[in-house]
Amino acid sequence: MPDQPPAFRAHPFDDDKLREECGVFGVLGAADAANFVALGLHALQHRGQEAGGIVTYDPDQGFNSARRFGYVRDSFTSPDVMQTLPGSLAIGHVRYSTSGSKGPSQIRDVQPFFGEFSMGGAAIAHNGNITNAVALRRELIERGSIFQSSSDTECIIHLMARSLQKGIPERMEDALRRVEGAFSIVAMTRTKLIGVRDPLGVRPLVLGRVGDGWVLSSETCALDIIGADFVREIDPGEMVVITQKGVESLRPFRPARPRFCIFEHVYFSRPDSMIGGRSVYETRRQIGVELAREAPVEADLVCPVPDSGTPAAIGYSQESGIPFAMGIVRNQYMGRTFIEPTEQIRNMGVRLKLNVNRALIRGKRVILVDDSVVRGTTSRKIKEMVLDAGAAEVHFRIASPPTAWPCFYGVDTPQREKLLAASMSEEEMRRHLAVDSLRFISLDGLYRAVGEAAGRNDAAPQYCDACFSGEYPVEPSDMIEQGFAMKAAE
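In this report, the structure presented in the accompanying data block is examined. (Residues numbered from 1 in each chain as written. Predicted model: local features only at pLDDT ≥ 70, side-chain atom pairs only at ≥ 80, totals over all residues. Heavy atoms only, no water.)

### Some points on the pattern of salt bridges
What the rule picks out here adds up to 26 salt bridges. Note that Arg203 is salt-bridged to Glu264, the shortest N-O span being 3.2 Å. Within this pair, whereas Arg203 is found in the loop between β8 (193-197) and β9 (206-210), its partner Glu264 is found in helix α8 (residues 263-268), the two being separated by 61 residues in sequence. With relative accessibility at 0%, the residue Arg203 sits in the buried group. With its nearest N and O atoms 2.8 Å apart, the salt bridge here joins Asp235 to Arg251. Of the two residues, Asp235 sits in the loop between β11 (229-233) and β12 (239-243) while Arg251 sits in the loop between β13 (246-250) and β14 (260-261), which places them 16 residues apart along the sequence. Residue Asp235 is classed as partly exposed on the basis of its relative accessible area, which comes to 31%. Taken together, the shared-partner salt bridges connect Glu290, Arg293, Glu294, Glu319 and Arg448 into one network. (Salt bridge = Lys/Arg side-chain N within 4 Å of Asp/Glu carboxyl O. Helix = DSSP H or I, 4+ residues; strand = E, 2+ residues; numbered from the N terminus. Buried < 20%, exposed > 50% of the residue type's maximum accessible area, 1.4 Å probe, protein only.)

### Description of the state of the cysteines
Under the counting rule described, the total for this entry stands at zero disulfides. As a non-bridged cysteine, Cys261 has Cys464 as the owner of its nearest cysteine sulfur, 6.1 Å distant. For Cys261, a relative accessible area of 7% corresponds to the buried category. The exposure class assigned to Cys464 is buried, which follows from its relative accessible area of 7%. (Disulfide = S-S within 2.5 Å.)

### Here we look at the packing of helix α5 (residues 154-162) against helix α6 (residues 168-176)
Where α5 contacts α6, the axes come no closer than 8 Å and their chain directions differ by 115°. Judged by the twist between their axes, the crossing of α5 over α6 is right-handed. Residues Ile156, Leu159, Met160 and Ala161 of α5 touch α6, and the partners they reach there are Ile168, Arg171, Met172, Ala175 and Leu176. Of the residues in the contact of α5 with α6, the class split is eight nonpolar, no polar and one charged. (Axes fitted to C-alpha atoms, helices over the stretch in contact; angles between N-to-C directions. Left-handed = near helix turned anticlockwise from the far one by under 90°. Contact = heavy atoms within 4.5 Å. Nonpolar A, V, L, I, M, F, W, Y, C, P; charged D, E, K, R; others polar.)

Take it as geometry only, folks, not as evidence of what the structure does.
Structure below.
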């Protein structure tokens, strides 16, 4: 296996979206658990398309692992690979780098990570970001730790190695009490499957049942693919230790008021998943309903920017009475295996991924519904494509508030100065994009769409919305040390 990944990522032309964090999945008590994990990771592919890995344990062969760049389907459907991963206990991870190497990654940064301790081996897969990882790494290196990767997750392995606790779950508790930031973790020993969420519950993690076995997953949609039953969400600040005997629930952290990531509802999670008992699809449809109430406009068609804008566009159409239409069609087959992009092909940009339905658009006043505006580069290109197709007017409606602040909790966002909303008002962005109108859903409207009837509680926000509000529930200490300026207190 080469130690360098393909020269470009899964969507090499789309640098104007917030990148999903990662996906984690684990199975205990199912024959050929790695096959279940591979299927689960396939369902979570939207959360990380750069690389994936699986670790298994078999009593006769011990721990085995496979880590590969690219899509799950390209590596973990091969019989030659899967035969090297025996056992009824396995965990897996799909990655899009939010820390560690950026650009061309190293195979050593691909999770799950494995460590051999005095009481046996353990593997760990992590979704989120540790906001004090730089400080922890510096301290650990000074005390003699030797790091093998550039990932923040490896800090947890080293903290576990230095713990004086006897058991691996206890060592993990010890380590995670030193960690700041956001983490949903799936880990395994020779006999245990372990799941942990940080005290604020920023990132998702759910528990399922498959036959006589147990499953941990980032999202419920990955339970469906293997025929597992949803049991419950892992609570914020909870650790579950699962064995053949059942599930033990522990509370290793000081209680805190949960702050789940609201952008999971808007974009990251798959629309067929459930979050907090709510359908992600229905929440996104309701965002469109709120948008239509907050920002009506006379038009002939409501068209989604596929695929993430589709549920909100349906909601906008239903509430406004303006017909819904697929005015833009997505090329489903442009992926990692596409031809090497020359400069000429790069200049085609969005046209390789999206195409306008000219017969439908010509002469029409069009409302384009998208999930977000980050740098604005893609929005401008889409607008130009729609106008080139003969649209009379173009109106943008955005299913999230303006993204004005970077995320430090497991999302690969640009630096603040590259975010359009960091330096422009809504009207300035409209002029920059050169569209007839531009409106974002309000923060209160977004909260209403996710089920908070009274909107956002500004004194005690119900969700983490730092990318919109600049109010970070966990101080990003590493970034502040590097010069990041927090929002001034009002």
